[in-house]
Each structure stands twice: as C-alpha cells, then as structure tokens.
Amino acid sequence: MSDYPVGAVMWAVDPTKAHDNRPVIVLSHESRPFGSVECTVMCLGTGANDYDHYAPELTDDHLSEISFSTRTFLMPWALYTIPPGTLLTEKAHGELTETGERLVKKSLLMLFEV
C-alpha cells in the first residue's frame, strides 16, 4: 500500500454517496497513526457553489499534474475519514501547488469564523 502525501488530489469512491466517485484532496494519511486503514480527505464538487456555503473554486493555478474539465470547488465542510483502498489510483491524480495549499488552509479556517 502507498502512503499518500498531504495535498494529493485524487479520485475516490464517493464518501458522500452522491456519486460513484469524486475528486478529493488528501489532508492526512502518511503521518496518521492508523494510516494503513484510514486517511482524511476533503471532497471536491462541481456544484458546491450553488449552496450558501463557502466553496472556493480550484483553478489550474492551485493544481499540478491534474486538471478538471468543469469548474471544481472545495467542499471544506465535507471532510471524511476513508480507507486508503477507496482512493482510485488508476484514475488521474496530482497535487496542490503552494497556492492551492494556502486556499485549502484558508477554507478550513473559514469553518471557524462566526
């Protein structure tokens, strides 16, 4: 089994069960105490900006080695602990750029604003 670094952008079996699979950002895996059976991800979505939630758009400036054909948004409220085996390594994958990492951190901090 591979360890996935923080900031890896991959496809996974959809933990929200809204679709068969969806892109996710790995938030914690290789440094996790039980990394062999779980990793933490943030879901991405194409319609996340349709709701009254903070959902910043991911652009090509935020991504390296992967791009999406439709507008894709962070879903900072959709954090899940999933088995690493549900990450679909045969599909396209990449990583966040430094700009993308800052956007993810900012989106997580926005959850704590009142």
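Residues numbered from 1 in each chain as written. Predicted model: local features only at pLDDT ≥ 70, side-chain atom pairs only at ≥ 80, totals over all residues. Heavy atoms only, no water.

**A look at the overall build of the protein chain**
Convention followed: Labels follow the DSSP assignment, with helices taken as runs of H or I lasting at least four residues and strands as runs of E lasting at least two, numbered in each case from the N terminus. Residue exposure (1.4 Å probe, protein chains only): buried if accessible area is under 20% of the type maximum, exposed if over 50%, otherwise partly exposed. The contact rule is simple, with two residues in contact once any of their heavy atoms fall within 4.5 Å. Here the accessible surface of atoms and residues is derived via Shrake-Rupley with a 1.4 Å probe, and residues count as covered only by protein chains that are part of the display.
Per the secondary structure count, the protein chain includes 1 helix and 7 strands. Counting helices and strands in the order they occur from the N terminus, the protein chain gives β-β-β-β-β-β-β-α. Counting all 114 residues of the protein chain, 42% fall into the buried class. Pairs at least 24 apart in sequence give 66% of the contacts found in the protein chain among residues at least 6 apart. Carbon and sulfur atoms make up 51% of the accessible area of the protein chain, which totals about 6700 Å².

**Some remarks on the nonpolar core**
Applied cut-off: By nonpolar core we mean a set of buried residues, namely Ala, Val, Leu, Ile, Met, Phe, Trp, Tyr and Cys, connected to one another through side-chain atoms within 4.5 Å.
Residues Met10, Val24, Val26, Val41, Ile82 and Leu87 are the most contacted members of the largest nonpolar core, which totals 16 residues. Residue assignment for this core shows that the elements contributing at least two residues are strand E1 (8–13), strand E2 (21–28), strand E3 (39–45) and strand E6 (72–82). Non-local contacts of valine 41, meaning those with residues more than four positions away in its chain, are made with Val24, Ile25, Val26, Leu27, Ala78, Leu79, Tyr80 and Ile82. In this structure, Val9, Ile25, Phe68 and Leu74 belong to the second largest nonpolar core, which totals 12 residues.

**Looking at a nonpolar patch on the surface**
Inclusion rule: Residues enter a patch when their relative accessible area is above 30% and they make no salt bridge; the linking distance is 9 Å between like charges and 5 Å between nonpolar side chains (Val, Leu, Ile, Met, Phe, Trp, Tyr). The salt bridge criterion pairs a side-chain nitrogen of Lys or Arg with a carboxyl oxygen of Asp or Glu, the two atoms within 4 Å.
Taken together, the side chains of Trp77, Leu79, Leu109, Leu111 and Phe112 present a nonpolar region at the surface, about 540 Å² in accessible area. With respect to the secondary-structure elements, leucine 111 resides in the segment after helix H1 (98–110). Given a relative accessible area of 43%, leucine 111 falls into the partly exposed group.

**Some thoughts on H1**
Quick reminder of the rule: Each residue after the first adds 1.5 Å to the expected span of a helix. The reported arc concerns the directions from the helix axis to the C-beta atoms and nothing else.
End to end, H1 covers 18 Å across 13 residues, agreeing with the expected 18 Å (1.5 Å per residue, within 8%). Among all positions in H1, only Gly100, Leu103, Val104 and Ser107 are buried. Axial view of H1: buried residues confined to an arc of 100 degrees, hence all on one face. H1 presents Glu98, Arg102, Lys105 and Leu109 as exposed residues on the side facing more than 90 degrees away from its buried surface. Looking at the buried side of H1, the elements it contacts are E2, E3, strand E4 (57–58), E6 and strand E7 (94–96).

**Considering a negative patch on the surface**
Quick note on the threshold: Positive charges come from Lys and Arg, negative ones from Asp and Glu, while His and the chain ends are left out of the count. Working definition for charges: the position is that of NZ of Lys, CZ of Arg, CG of Asp or CD of Glu.
Taken together, the side chains of Glu65, Glu95, Glu98 and Glu101 make up a negatively charged region of the molecular surface. Looking at the element boundaries, glutamate 95 is found in strand E7. According to the relative accessible area criterion, glutamate 95 is partly exposed, its value standing at 40%.

**Some details on the pattern of salt bridges**
Inspection of every chain in the model, using the stated rule, returns 2 salt bridges. As a salt-bridge pair, aspartate 14 and arginine 22 come within 2.9 Å of each other at their nearest N and O atoms. Across the salt bridge formed by glutamate 57 and arginine 71, the nearest N and O atoms sit 3.1 Å from each other. One end of the pair, glutamate 57, is in strand E4; the other, arginine 71, is in the loop between strand E5 (63–64) and E6, and 14 residues separate them in sequence.

Interpretation note: all reported values are geometric properties and have no functional meaning in isolation.
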